[in-house]
Amino acid sequence: MYLCSMSYHSLENKILQHLRRFKLLHEDERVLIAISGGLDSTVLLHLLHRLHFHCGVAHCNFQLRGEESTEDARFCEELAAGLNVPFFSTAFATEKYAAEKKISTQMAARELRYQWFAKLIADHGYTALATAHHSGDQAETILLRLTDGKSAESLRGIPHRNGVIIRPLLHCSKEELHQYAIEKNIRWREDHTNELNTYKRNYIRHEILPRLKTIAPATETSLLTFAARNHEWNLLAEESIRRILSTCMEEMNTMIVIHLQTILGHPAAGTILWKALQPYGFTGDTIQQILQTADSPGKTFSSAHYTATIDRDRILLEKTTTENFVEVEIDESDSDVEIPTGHLFLQHLSGDLQPFLTGNNEAFLDAANLQFPLRLRRWKEGDQFKPLGMTGFKKLSDFFIDKKVPVPVKHQTYVLESNNDIVWVIGHRIDHRYRITEATVKIVHLRYEQRID
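Since the structure is predicted, the reported quantities are computational estimates derived from the model, not experimental observations. (Residues numbered from 1 in each chain as written. Predicted model: local features only at pLDDT ≥ 70, side-chain atom pairs only at ≥ 80, totals over all residues. Heavy atoms only, no water.)

Undergrad: Residue-level account of the packing of helix H2 (residues 39-50) against helix H3 (residues 67-83), with values.
TA: H3 packs onto H2 with a crossing angle of 10 degrees between their chain directions and a minimal axis gap of 12 Å. In terms of orientation, H2 lies roughly parallel with respect to H3. Taking contact as the criterion, the partners of Thr 42, Leu 45, His 46 and His 49 in H2 are, on H3, Phe 75, Leu 79 and Leu 83. (Axes fitted to C-alpha atoms, helices over the stretch in contact; angles between N-to-C directions. Helix = DSSP H or I, 4+ residues; strand = E, 2+ residues; numbered from the N terminus. Parallel < 35°, antiparallel > 145°, perpendicular 65-115°, else oblique. Contact = heavy atoms within 4.5 Å.)

Undergrad: Go over helix H1 (residues 10-21), please, and point to the residues and values.
TA: Its 12 residues give H1 an end-to-end C-alpha distance of 16 Å, which sits within 8% of 16 Å, the value for a rise of 1.5 Å per residue. When we look at burial in H1, the residues that qualify are Leu 11, Glu 12, Asn 13, Ile 15, Leu 16, His 18 and Leu 19. Contacts made by the buried residues of H1 are with H2 and helix H7 (174-183). Lys 23, located one to two residues past H1, shows a positive phi value of around 50 degrees. (Expected span 1.5 Å × (residues − 1). Buried < 20%, exposed > 50% of the residue type's maximum accessible area, 1.4 Å probe, protein only.)

Undergrad: Tell me about the side chain of Asp 72, residues and numbers included.
TA: Along the polypeptide, Asp 72 turns up in helix H3. One polar contact links Asp 72 to Arg 189, side chain to side chain, over a distance of 2.3 Å. (Polar contact = N/O pair within 3.5 Å; in protein donor to acceptor, adjacent residues only side chain to side chain.)

Undergrad: Tell me about the nonpolar core, residues and numbers included.
TA: Formed by 36 residues in total, the largest nonpolar core has its most connected members in Val 31, Ile 33, Leu 45, Leu 48, Phe 53, Cys 55 and Leu 169. Counting residues per element, the ones that place at least two in this core are H1, strand E1 (30-34), H2, strand E2 (54-61), H3, strand E4 (128-130) and H7. A total of 6 residues in this core trace back to one element, the largest contributor, which is H2. Aside from chain neighbours lying at most four places away, what touches Leu 45 is Ile 33, Ile 35, Cys 55, Val 57, Leu 79 and Leu 83. Counting 23 residues, the second-largest nonpolar core is a separate cluster that includes Ile 241, Cys 248, Ile 256 and Ala 294. (Core = buried A, V, L, I, M, F, W, Y, C linked by side-chain atoms within 4.5 Å.)

Undergrad: Quick rundown of the packing of aromatic side chains? Include the residues and the values.
TA: Counted according to the given criterion, the structure contains 9 aromatic pairs. Judged by centre distance (6.5 Å) and plane angle (85 degrees), the ring pair of Phe 92 and Trp 116 falls under edge-to-face. Of the two residues, Phe 92 is situated in the loop between strand E3 (87-91) and helix H4 (94-101) and Trp 116 in helix H5 (residues 105-124); the sequence distance between them amounts to 24 residues. The exposure class assigned to Phe 92 is buried, which follows from its relative accessible area of 10%. By relative accessible area, which is 13% here, Trp 116 ends up buried. Each ring, one from Phe 399 and one from Phe 400, has its centre 6.1 Å from the other, and the planes form 55 degrees; the classification is tilted. In this pair, the class of Phe 399 matches that of Phe 400, namely buried. Feature note: the residues Phe 62, Phe 92, Tyr 114, Trp 116 and Phe 117 constitute an aromatic cluster, connected by ring pairs. (Phe/Tyr/Trp six-rings, centres within 6.5 Å; stacked < 30°, edge-to-face > 60°.)

Undergrad: Explain H4 residue by residue, including any values.
TA: Restricting attention to buried positions, one finds in H4 the residues Thr 94, Tyr 97 and Ala 98. Each buried residue of H4 sits inside an arc of 100 degrees when the element is viewed along its axis, so together they form one side. Across from the buried face of H4, at angles greater than 90 degrees, the exposed residues are Glu 95, Lys 96, Ala 99 and Glu 100. The secondary structure elements touched by the buried residues of H4 are H5. Of the residues flanking the end of H4, it is Lys 102, one or two places downstream, whose phi is positive at about 60 degrees. (Arc of directions from axis to C-beta.)

Structure representation (structure tokens):
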């Protein structure tokens, strides 16, 4: 239930309606408010406090403006004390962090503050984090994304809610906030850097938007309407794309297979493939390259943690492994050996048993021909063996080509050696020389179980 709004200021009523419409905050929740000391966040604190929400205040000192930053922190602390609400403050070595991470100062400040906010929420039991984005910020964001050539999806603008983050002021204008502050005699601090056109957002705020408003006074409202409608269109598009992806994506052991026939035949192939690969860290430019080389089997593309390989009419997506697998020796007494992709089990059988081969992940070898310890390692170029059924040697690379083994599968293939002979290409074929014959007395049974992440 929301509090009765009959006795509130018109802006306070507007905020209550906004909270109710988008289900952002209930009266029993504890909300942490991110404040800088500027007009927007200071008014946000006063509004939510006036509406009797359980508020806490969080202020970040990024130490970028010398004494002004210190004064901002002092002002926020006094503000919180005056309203008798909990106050949290921290200082960041923002420029040092940006240099270490090789990112912009703005991005560094963003990462640092949201990491800290998340910790405060977890440690102190807050259920929401309120930020002071207003309609002007929304309009600027839409224009920024248009000029940066962002996707249609991004043109929905700043969301009213993103996880625990809520924006109670998103339908309020800067003018409304300023008028409220004057009427309620609310003090705030000015950040002179907001007036500089050094940053693209500031240039749009001070130069572009005012000029647009001379042509169309309702520009800001129109951009908000555009964002809202685009959000609804995106919901419809996402539903359609999910249906398409459900028919052409599947899991296969440790890989994800994306079948390309349906995607490439669709007029929106680029968007569909982007929705398929973007969650795995692939950028728009890389996805465009994949589209352009979809007829080049074996070509690979990488994101931070995944590799996408074109394999005829499909894309094979696998998680990139960075661990260096050291070859291991297997003694005759071993029964379970772990490798990065799973487990290898070893069992000794009598030759009078009839081995029942269930697939390529099992091998029955003549124990008399094996010399322990066996050696398990990754395959490498130049490896050769005598595949079961053949009397001559074959290069392992040629064997993979003949069997049309996808590149990602090849990367995860291990071989088992005895006295420098490959006796089993695990998951594929044993060596003809180590097969079971009528003369076999003892059998070594090997079974490979692939790990499913």
